[in-house]
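Observations on chain architecture
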Amino acid sequence: MSPYLIFETASVHAGDPDRLFVLMDHLAPSEETQRKGLKFHPISAETLATPSFEFFDIYRKLEIPRETWGRIIARASHFYDVWLEMADANCIAVFLDNRDRVFGVKLQASMLQNEEVLNLLQAFDLAGTRLIANVSGFEISEIERILDRLADVGFLRTNTTLQIGFQSYPTAIEDCQLNKIAVLRAAFPDIDLGIADHISATDPYALVLPAIACALGCRSVEKHVCLSRAETEYDAMSALEPLEVRQM
């Protein structure tokens, strides 16, 4: 089975939804038949942070109205499996608004112990919802407890992917955690593994490291994407441009 690719849009839109529509057109699937994922972050400054937080004004700039997210998700779902990152109450609201078009959700490592987010999700039937849980900073014993908590929330282990990889600016190759793949595979043989790769997009390994991770046992690869790094204000460091995506 070919690796499953998830294109991460993060904050490349800078609050302009048209940038996402154009990006989707440039990344539109070619002759390949295998579906790919496209992930969005429908955040709200008010529910993500307090006004005193240093990045609050940036979060506000990145906001896109809920009804506009509905149009974005509807368009994306024609070509991609739509993933949403669950970072705050607004993300959960957008998920519920568009649940029939959302393929799955992701919880970053910082969200796996965020009881506000988990309790909001727990109010709904999630048995059929796919989950990516980023466990990059956790030891095996901690991951066991996290999986138990996620089961309480309603996520099934059979629908869960344990993901390695964290983002620094950029992430050094030696910090990509490839050595953790075998450890996770041995500890959780019944759960799919994935990697979020955030090394610099200008490093030649940016096109190679995903294949190495898959050869070691990852079933999915998450990669940042953008139209042009030179013209992208946020999250461009690790983002591949459309031609580079095809090369990868």
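Before going into details, it helps to say that this report is about the structure given with it. (Residues numbered from 1 in each chain as written. Predicted model: local features only at pLDDT ≥ 70, side-chain atom pairs only at ≥ 80, totals over all residues. Heavy atoms only, no water.)

**Comments concerning the side chain of N98**
What counts is decided by this rule: Helix and strand assignments follow DSSP, with helices taken as H or I runs no shorter than four residues and strands as E runs no shorter than two, numbered in order from the N terminus. Each residue is assigned to one of three classes by its accessible area relative to the maximum for its type, calculated with a 1.4 Å probe on protein chains only: buried under 20%, partly exposed between the two thresholds, exposed over 50%. Contacts: residue pairs with any heavy atoms within 4.5 Å of one another.
Looking at where N98 falls in the secondary structure, it is placed in the loop between helix 5 (89-97) and strand 4 (102-107). Classification of N98 as buried rests on a relative accessible area of 6%. Not counting the four nearest positions on each side in its chain, N98 is found in contact with G70 and I73.

**Remarks on helix 4 (residues 66-76)**
Of the residues making up helix 4, those classed as buried are T68, W69, G70, I72, I73, A74 and A76. Buried-residue contacts for helix 4 involve helix 1 (17-26), strand 2 (36-40), strand 3 (80-85), helix 5 and strand 4.

**Structural notes on the pattern of salt bridges**
Condition: Should a side-chain nitrogen of Lys or Arg be within 4 Å of a carboxyl oxygen of Asp or Glu, the pair is scored as a salt bridge.
Scanning the model with the defined rule gives 15 salt bridges in all. For K39, the salt bridge is made with E8, and the minimal N-O distance between the two is 2.4 Å. You can see K39 sitting in strand 2 and its partner E8 sitting in strand 1 (residues 4-8), a full 31 residues away along the chain. When the shortest N-O distance is used, the salt bridge between E222 and K106 registers 3.1 Å. Placement of the pair is E222 in strand 8 (residues 220-224) and K106 in strand 4, with a sequence separation of 116 residues. For the pair E222 and K106, a shared accessibility class is recorded, and that class is buried. Each of E8, K39, E85, K106 and E222 takes part in salt bridges that share partners, so that together they form one network.

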